[in-house]
Amino acid sequence: MELVGRYWWVIAVRGVVGILIGILFFLWPLPSLATLVLLFGVWALLDGCAALASAIGGRGGGITVVEGLFDIGIALLTFWRPIITALSLYGLIAAWAIVTGIFRIIGAVRLRHVIANELWLGLSGVTSVIFGVIMVALPAAGVLAISWLIGSFAIAVGAMLLGLSLHLRRAAGPAAPVRAH
């Protein structure tokens, strides 16, 4: 439990990044497609790096490594072929949300053996899957609706991950004092 709680801040960073990206989508509801692609790529890259850092830190296990590598792969594809990504961004985001959501649901199921109330991670996974399914079901939505949908999704998942991080921080108990050498 101590190991899980020690890295609560990594999940908090993922949550804050999601919330900030979501706010950007609301502040600039009609960005150029290139900006939308860039924001998505940055978010996927940061989320993937945070997931890998979390796994390297000893929590999350193999599924978190796979999630991190998937996120980074999507980000690299986005930066390498932005025009292709722009043309397929809608489907790419839908697939990314569904796959990431499934990984988070699996992670929540596994985490329940370590801590109680892993609900926040599970909810972020369910929200991701629902978001992806809605995108697949409504492919003709306009850029403004997509921007608001992505912004809402990012803020919701970010808030849920922030909630999980606070729960992990509390569950870990008081931190040991830091000694200067």
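Residues numbered from 1 in each chain as written. Predicted model: local features only at pLDDT ≥ 70, side-chain atom pairs only at ≥ 80, totals over all residues. Heavy atoms only, no water.

Asker: Explain the overall build of the protein chain here, please?
Answerer: Per the secondary structure count, the protein chain includes seven helices and zero strands. Relative to its 181 residues, the protein chain shows a buried fraction of 43%. Relative to all contacts within the protein chain whose residues are 6 or more apart in sequence, the contacts with residues 24 or more apart total 80%. Summed over all atoms, the accessible surface of the protein chain reaches about 9,300 Å², with 76% contributed by carbon and sulfur. (Helix = DSSP H or I, 4+ residues; strand = E, 2+ residues; numbered from the N terminus. Buried < 20%, exposed > 50% of the residue type's maximum accessible area, 1.4 Å probe, protein only. Contact = heavy atoms within 4.5 Å. Areas by Shrake-Rupley, 256 points an atom, 1.4 Å probe, with all protein chains shown as cover.)

Asker: What exactly am I supposed to notice about a nonpolar patch on the surface here?
Answerer: Side chains of V16, L20, I23, L27 and W28 sit close together on the surface and give an oily, nonpolar patch of about 490 Å² of accessible area. Tracing the sequence through the fold places W28 in the loop between α2 (8–27) and α3 (33–56). Classification of W28 by relative accessible area gives partly exposed; the value is 48%. (Patch = residues over 30% accessible without salt bridge, like charges linked within 9 Å, V, L, I, M, F, W, Y side chains within 5 Å. Salt bridge = Lys/Arg side-chain N within 4 Å of Asp/Glu carboxyl O.)

Asker: I would appreciate a short explanation of helix α6 (residues 119–137) in the present structure.
Answerer: Every α-helix carries 3.6 residues per turn, so stepping three or four residues along brings you back to the same face. The terminal C-alpha atoms of α6 lie 26 Å apart, and with 19 residues this matches the ideal 27 Å at 1.5 Å per residue to within 8%. Among all positions in α6, only L121, G122, S124, G125, S128, F131, G132 and M135 are buried. (Expected span 1.5 Å × (residues − 1).)

Asker: Help me understand the side chain of R14, please; the structure alone is not making it clear to me.
Answerer: Tracing the sequence through the fold places R14 in helix α2. Among the polar contacts made by the side chain of R14, one reaches the side chain of D47 at a distance of 2.9 Å. Here the side chain of R14 touches E67 through a polar contact of 2.8 Å, side chain to side chain. Among all residues touching R14, those that are not within four sequence positions of it are D47, A50, A51, E67, R104 and L161. (Polar contact = N/O pair within 3.5 Å; in protein donor to acceptor, adjacent residues only side chain to side chain.)

Asker: It is not clear to me how the packing of aromatic side chains should be interpreted in this structure. Could you clarify?
Answerer: The relation between two aromatic rings is expressed through the spacing of the ring centres and the mutual angle of the planes. All told, the structure shown has five aromatic pairs when counted by the stated rule. Judged by centre distance (5.3 Å) and plane angle (90 degrees), the rings of F40 and W96 are edge-to-face. On the criterion of sequence distance, the pair formed by F40 in helix α3 and W96 in helix α5 (residues 82–111) is long-range, its members being 56 residues apart. For F40, a relative accessible area of 3% translates into the label buried. (Phe/Tyr/Trp six-rings, centres within 6.5 Å; stacked < 30°, edge-to-face > 60°.)

Asker: Explanation requested: the confidence of the model for the protein chain in the structure shown.
Answerer: When pLDDT drops low, the exact placement of atoms in the prediction is not to be read closely. Averaged over every residue, the pLDDT of the protein chain is 81; residues scoring 70 or more account for 84%. The element-level mean pLDDT for the protein chain is lowest in helix α1 (residues 2–6), coming to 64, with helix α4 (residues 61–80) highest at 89. (pLDDT = per-residue confidence, 0-100.)

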